Amino acid sequence: MPKKILIIDDSAAIRQSISFILHQEGYETIEAQDGLEALNMLASLESLDLIITDVNMPNLDGIGFIRKARELAAFKFTPILVLTTESQGSKMNEGKEAGATGWIVKPFNADKLIGIVKKVAG
Amino acid sequence: MIDKFKAAFREESYELLSQLEDTLLELESQPRNGELINAAFRAMHTVKGSSAMFGFETISKFTHEVETVLDQCRAGTLPITKDFIGLTLKARDHLRRLLEFEEPPPREVVADGETILARYRDYVATGAGLKPAPKVQDAAVTGEGATAPESTLQAQEGPSGPGPAAHESGLSTYRVFWKPKPEIFLDGTRVLSLVEELVGLGEAAVYPHTEDIPPLEAIDPERCYCFWDVVLTTQKTENDIRDVFIFVEDRSELRIERLAEAFLDEEGRAKRLGEILVERGVVSPESLREALGSQKRLGEVLVEKRVASKAEIDSALVEQEHLKKVQERSDPAAGSIRVASEKLDALVDLVGELVTLQARLSRTSFDLQDGPLASISEQFERLISQLRDNTMSIRMLPIGSTFNKFRRVVRDLSLELGKEAELVTEGAETELDKTVIEKLGDPLVHIIRNSLDHGIEKPSAREAAGKAPKGRILLSARHSGAYVLIQVADDGRGLDRDAIYQKAVERGLLAPGQEVADDELFLLIFAPGFSTAKVVSAVSGRGVGMDVVKREIDSLGGSVSLSSEPGRGTTITLKIPLTLAIIEGLLVRIAEEFYVIPLSSVDGCIEIRRSELASYGERRILSYRDELVPFVSLRESFETAGEEPEIEQIVIANSQECRVGFVVDQVVGDYQTVIKPLGRMFKDVEGVSGATILGDGTVALILDVNRLALAAQRDGAKRAARGGER
Amino acid sequence: MPTSKAETQGIVNLSGVLYTDRAAALKKELEEALAGSGPVLVSLSLVEDIDLACLQVLYAARRSAKALGREFHFVGSIPSRLCKRLCAAGFLRGHPERTEDIEAGLVEF
């Protein structure tokens, strides 16, 4: 069974390029354009292998989303990666405190993305 | 986002592809080296991943297919053959080309890619169904070059395989202690994945500490109780190791310690358990000493005394075992250290001075006729010669390291010329002075190119001549006394005697109709500007090359010889002195001046009366072992003043082209000498290659036999011509 | 729920991916198995992957069983993925072929 990954970003280009790369690696992906839409999706999902989320998004931002997701029993221990722009140390820390597993610093290449995804989602 | 990174992507890909090329060439000689297959796979994989991200779909699709095949090789379900490597090299070149186009690339370029992929499919179809082969990574080090029967290569770990070269390739051993905080699970971290990732960095011994896991009723299933001791031998750096834990740094305790490269103690034994425990801070040196006093096994004593826990002992034992294993693997290099080459050069210089001084000592003690002093001097001489040999051996490197680059030369050139050829190497382990090896690269490339261009025939011509369509070039090295013989032998058509003869006449090197032995004739191809190629090819070029080869080998104090048989092939032999710094010479005297003739070129000495010599007159040719040998008077050559003695001596020396005699006043004897570069004063003196300082402190010049012989020949020809005019 | 316990014997059939989210349930199941009187038999045949949290619970159960004088064994076959995981993390030495070797091979189990 392919591993399933949720990608949350308000930029369709980024969502699609990440999806594209992950498909090549044999992952299954679903996309949400902000935290709120993602949260609604979680309600109807049993489990996920990984969530990749942007930080700055309308409606519900990445940090807020992570906090909410961690409150759900099914996603308490799901690996979550935060997409940060440049090396924003503060965002990484904020993300980690909210319960993120790790982060991906933009810009990243496909190899780096795959490396990190494999690292946290196995 | 996409466009911005295209340039960076291209940059990165070029880099990766050039690494891939190196990897593939290495893989060719070590087809079962799992690490190399992995590296090739990784490179392809990386290009695939990033090309997709930046819109290079053609590249992405292409690499995807190649990667799939590489993956099968990695799993051992497909063999790695020469053809496969050739094909993958092609794929690499194709990728490089693709990178130069924007998406979509021209149709014909894409079609080229399709051709390559079709060949891969054929390969998979014919090679599939192979049973997974065991990955051989620590095969015995044989040191022999690749001799590949059939098309499937055998695993051969040359000098660049694991083993002695392990240290060269930058393997280090680290002791990693990782203790995640109890709440590590709460952010979704997969602890075992991280340990697996760490272990994947190299060869590791892992000890998980489970002693803190409570019984079931007391366990909090969402807390972490375990921690790890890992000993890791890897090419990776400490930062690479830290990167594994990058997301959990704040939630764990991480200690990385690099272990000293040599795990042996002063007495050459592997590290003791006690040492490891002290290093790890498990026990203090005092309690170790105490425990060692007991008759029981150290581990048991320490556990009994509650100085260390069983887990701590077990963990240390795991480390000990790992170190032993790594140690054994890299045994020849076990106690090795790296030294800057300047330090070595300085040492060689000092030894050179000592050798010189020693010569002075023996001479003085001989002159003084002092018994005790003579005895000391003799002992001193023995020690110095040992010291010299030891020092020289430090500078020695196996020549095999340079062999690899010739493979690509042969591969590419044979393609270019529409020929088929393989390079077989022998004696890759033969050791030679480091500086000599460095200077040998270019001449060897010239020779090999020449063999391919002029020697090896096209496949059709070979088959017509009843030979295998694939030509073979044997590159071999072996010791021969103080020399190394390096041979490049091809099984091609051999030298064209008539063409060379004709050319030699055209160039005025031979008189028309002049009789000349094959050996002598063939050596003419090393003459400047000599090329028999009817069409100037892009490869061997315009007759530059072979004369350059000769010049460079001369400058190494070596010599070139050549043999050839029509239809059977040509063998070029380079005779290279093991070292440049010290030579054995024959010391000769003319009037008050001393000269050294390299012993390697001395064939013999004869005495001759002055009156007899005078009878030769203008014809300066004497008979030596049924051979006519021209001779020169060094007194004349160096315009030395004074009278010749009644009985003179002639040293017969072998130069590249011929034998030649040197008339000297006296042959003093064998002499070991350190070559010093010539000062400006002597720079333009023809026939001198260096200088040395004699025992009594005077300077002696070292004769350049080849140059002098040439001059003698020229002279002889002139005289003969003059004689003919008369 | 893919995890089930046979009623009368202390058999625990594990399956799927044993990540942290399964650890609490696994603990409960093993506690129930230990509450009986027979030997506790744990089948790993259908396990696809495991992480530390669940492995720790298995260790804990085995230690409790020992303390209670109860038998605790693995049964069924060993999935290779699981085996690889345990080897890489140092818990298993070598690659055991028989299930009973896992018990013997697990470090300090």
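Scroll up to find the structure this text is about.
Residues numbered from 1 in each chain as written. Chains lettered and ligands numbered in written order. Predicted model: local features only at pLDDT ≥ 70, side-chain atom pairs only at ≥ 80, totals over all residues.

A. Representation of the overall build of chain B. Check the secondary structure of chain B and you find 23 helices and 21 strands. Counting the 726 residues in chain B, one finds 38% classified as buried. Counting contacts in chain B only where the partners sit at least 6 residues apart, residues at least 24 apart contribute 70% of the total. (Helix = DSSP H or I, 4+ residues; strand = E, 2+ residues; numbered from the N terminus. Buried ≥ 20, exposed ≤ 12 C-beta atoms within 10 Å, placed from the backbone. Contact = placed C-beta atoms within 7 Å.)

B. View of the interface of chain C and chain B. Contact with chain C, which involves 26 residues of that partner, is made by 25 residues of chain B. Elements supplying a minimum of two residues to the side of chain C that touches chain B: α1 (23-35), α2 (52-68) and α3 (80-88) of chain C. A total of ten residues in the side of chain C that touches chain B trace back to one element, the largest contributor, which is α2(C). In terms of residue class, the side of chain C that touches chain B is built from 16 nonpolar, four polar and six charged. (Nonpolar A, V, L, I, M, F, W, Y, C, P; charged D, E, K, R; others polar.)

C. Representation of the pairing of strand β2 (residues 10-18) of chain C. Residues and elements named next belong to chain C. Two elements, β2 and strand β3 (residues 40-50), share eight bridges in a ladder whose sense is parallel. If you follow L18 over to β3, its bridge partner there is I50. Between β2 and its parallel partner β3, the chain crosses via α1, and the hand of that crossover is right-handed. (Pairing = 2+ DSSP bridges. Right-handed = clockwise from strand over helix to strand, strands pointing away.)

D. Inspection of the nonpolar core at higher detail. Counting 66 residues, the largest nonpolar core has B:V195, B:L198, B:V206, B:V230, C:C54, C:V57 and C:A61 as the members making the most contacts within it. Here this core gets ten residues from one element, more than from any other, and that element is α2(C). Setting aside its immediate chain neighbours within four residues, C:V57 contacts B:I219, B:P221, C:A23, C:L26, C:K27 and C:L30. (Core = buried A, V, L, I, M, F, W, Y, C linked by C-beta atoms within 7 Å.)

E. Quick peek at helix α16 (residues 434-455) of chain B. Between the first and last C-alpha of α16(B) there are 30 Å, a value that for 22 residues agrees with the 32 Å anticipated at 1.5 Å per step. In the structure, α16(B) departs most strongly from a straight axis at B:L440, where the bend amounts to approximately 35° and where the proline B:P443 lies between one and four residues downstream. (Expected span 1.5 Å × (residues − 1). Bend = angle between axes of the 7 residues up to and from the residue.)

F. Geometry of the sheet that holds strand β18 (residues 659-664) of chain B. Residue and element names in this part refer to chain B. Taking strand neighbours across the sheet as the criterion, the five strands line up as β14-β17-β18-β16-β15 in an open arrangement whose pairing is mixed. Of all strands in the sheet, those bounded by a partner on one side alone are β14 (602-609) and β15 (621-624). For this sheet the average axis-to-axis angle between neighbouring strands, irrespective of direction, equals 35°. As judged from the four bridges shared by β15 and strand β16 (residues 627-633), these two strands associate in the antiparallel manner. (Axes fitted to C-alpha atoms, helices over the stretch in contact; angles between N-to-C directions.)

G. Highlighting the packing of α1(C) against α2(C). Residue and element names in this part refer to chain C. Taken N-terminus to C-terminus, the directions of α1 and α2 make an angle of 15°; their axes are 9 Å apart at the nearest point. Taken together, the axes of α1 and α2 lie roughly parallel to each other. Relative to α2, the crossing made by α1 is right-handed. Packed against α1, whose contacting residues are A23, L26, K27, L30 and L34, the element α2 presents A53, C54, V57, A61, S64, A65 and L68 at the interface. The residue inventory of the contact of α1 with α2, partitioned by class, reads ten nonpolar, one polar and one charged. (Parallel < 35°, antiparallel > 145°, perpendicular 65-115°, else oblique. Left-handed = near helix turned anticlockwise from the far one by under 90°.)

H. Representation of the environment of A:I104 within the structure. Residues and elements named next belong to chain A. By the element assignment, I104 lies in strand β5 (residues 102-106). On the basis of neighbour count, I104 is assigned to the partly exposed category, with 19 C-beta atoms found within 10 Å. Separated by 50 residues in sequence, I104 and D54 place their C-alpha atoms 9.5 Å apart. Those residues in contact with I104 that lie beyond four places of it in its chain are L81, L83, L113 and I116.

I. Inspection of the interface of chain A and chain B at higher detail. Counting residues at the interface gives 23 residues for chain A, matched by 18 residues for chain B. Mapped by element, the contributors of at least two residues to the side of chain A that touches chain B are α1 (12-24) and α5 (110-121) of chain A. Ranked by the residues each element gives to the side of chain A that touches chain B, the list is headed by α1(A), at six residues. Among the residues making up the side of chain A that touches chain B, the classes are represented as twelve nonpolar, eight polar and three charged.

J. Summary view of α5(A). Residues and elements named next belong to chain A. Helix length check: α5 (twelve residues) gives 16 Å between terminal C-alpha atoms against 16 Å at 1.5 Å per residue, within 8%. Every buried residue belonging to α5 is among A110, L113, I114, I116, V117, K119, V120 and A121, and all of these are buried. In the segment just after α5, G122 is the residue with positive phi, at about 75°.

K. Region of the structure containing the packing of helix α13 (residues 341-368) of chain B against helix α14 (residues 371-394) of chain B. All names here are of chain B. Running from N to C, α13 and α14 point in directions that differ by 160°, and their axes come no closer than 9 Å. Judged by the inter-axis angle, α13 sits roughly antiparallel to α14. The handedness of the crossing between α13 and α14 is left-handed. Listed contacts from α14 to L344, L347, V348, V351, L354, V355, Q358, L361, S362, S365 and L368 of α13 are L373, A374, S377, F380, E381, I384, L387, R388, T391 and I394. For the contact of α13 with α14, the per-class residue count stands at 14 nonpolar, five polar and two charged.

L. The arrangement of the sheet that holds strand β1 (residues 172-180) of chain B in detail. Residues and elements named next belong to chain B. Pairing is antiparallel in the open sheet, where four strands are placed in the order β2-β3-β1-β4. In this open sheet, the two edge strands, each paired with only one partner strand, are β2 (203-209) and β4 (252-259). The sheet shows a mean angle of 15° between the axes of neighbouring strands, taken without regard to direction. Where β1 lies against β4, eight bridges are found, and the strand directions are antiparallel. Looking at β4, one finds that R175 is bridged to E257. On the sheet, helix α7 (residues 191-199) packs against β1, β2 and β3 (227-234) and is oriented at approximately 25° with respect to β3.

M. Seen up close, the environment of C:F72. All names here are of chain C. Within the secondary structure, F72 is located in strand β4 (residues 72-75). F72 gets classed as buried once you count the C-beta atoms within 10 Å, which come to 22. Considered as a pair, F72 and R62 are ten residues apart in the sequence and their alpha carbons are 6.2 Å apart. Each residue touching F72, except ones within four places of it in the same chain, is listed here: V40, A61, R62 and A65.

N. Region of interest: unusual backbone geometry. Residue and element names in this part refer to chain B. Following E103, the chain continues into P104 via a peptide bond in cis, with omega recorded as -5°. Considering the arrangement of structural elements, one finds P104 in the loop between α4 (82-98) and α5 (107-127). With phi around 55°, Q369 is a residue other than glycine that occupies positive phi space. Looking at where Q369 falls in the secondary structure, it is placed in the loop between α13 and α14. For Q369, a count of 8 C-beta atoms within 10 Å puts it in the exposed group. If you check the backbone angles, A591 has positive phi at about 55° while not being a glycine. Structurally, A591 is set in the loop between β12 (582-590) and β13 (593-598). With 16 C-beta atoms packed within 10 Å, A591 lands in the partly exposed category.

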